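Structural features, examined
Given next are the chains, with one letter for each unit.
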Amino acid sequence: RMEQGGKKEGSGEEPLCVIIMAGKVDTEWAEGIRNRVEKLGISTWMGIASAHKSPRKVLELLDKYNQRSNVVYVTIAGLSNGLSGMVAANTHHVTIACPVFDDKVDMMVNIHSTLQMPPGSAVLTVLDRDNCAISVHRILSLTGYLKPTSMTAEGGRLSSS
């Protein structure tokens, strides 16, 4: 899908948000992000690859999408988030972690595996799905692949302002 500004002249590539979930249990959360990103006119690819259980698959995905020049990765993992750091350490693209938590207690216990990354694994952490989608759009706008717009989340829904 194309955003209002369309793809960058001569780029031959449409902006893309690659959403990688650590496990199938994260699907509902990921679908929410995907829907919000697509509502902003950005194409998505979504799949499952675990840094702990299928690291080769993660690296294969990165090999495929790192070839592009207009990608933002969104990683979804809660407990022991190795996925976000692995993606960030193996790409030149922006990596946004948008972890899913069962409740506030789960978040307080497990957020640290997302926030504490080693040097060289630059992961941006965004906890809200609307804010995650808006961040993807703004990052791609900075690269010139999307027309900048002012986006806000009103009443839990994305809207243009």
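Quick caveat, the model's predicted, so the values are computed rather than measured.

Here's the deal with the sheet that holds strand β4 (residues 94-97)
Working definition: the strands of a sheet are paired by backbone hydrogen bonds and lie parallel or antiparallel to each other. Strands sit in the order β2-β1-β3-β4-β5 across an open sheet of five strands; the sheet is parallel. One side of each edge strand has no neighbouring strand; the edge strands of this open sheet are β2 (43-48) and β5 (123-125). Each neighbouring strand pair of the sheet contributes to a mean axis angle of 25°, computed without reference to strand direction. With six bridges joining them, strand β1 (residues 16-21) and β2 adopt parallel strand pairing. If you follow Leu16 over to β2, its bridge partner there is Ser43. Where helix α1 (residues 27-39) meets the sheet, its contacts fall on β1, β2 and β3 (71-76), and the angle it forms with β2 comes to roughly 170°.

Examining unusual backbone geometry
Residues other than glycine predominantly adopt negative phi, and peptide bonds predominantly adopt the trans conformation. One non-glycine residue, Ser80, adopts positive backbone phi at about 50°. Position of Ser80 among the secondary structure elements: in the loop between β3 and α3 (83-89).

Calculation rules
- Residues numbered from 1 in each chain as written.
- Predicted model: local features only at pLDDT ≥ 70, side-chain atom pairs only at ≥ 80, totals over all residues.
- Heavy atoms only, no water.
- Pairing = 2+ DSSP bridges.
- Helix = DSSP H or I, 4+ residues; strand = E, 2+ residues; numbered from the N terminus.
- Axes fitted to C-alpha atoms, helices over the stretch in contact; angles between N-to-C directions.
- Contact = heavy atoms within 4.5 Å.

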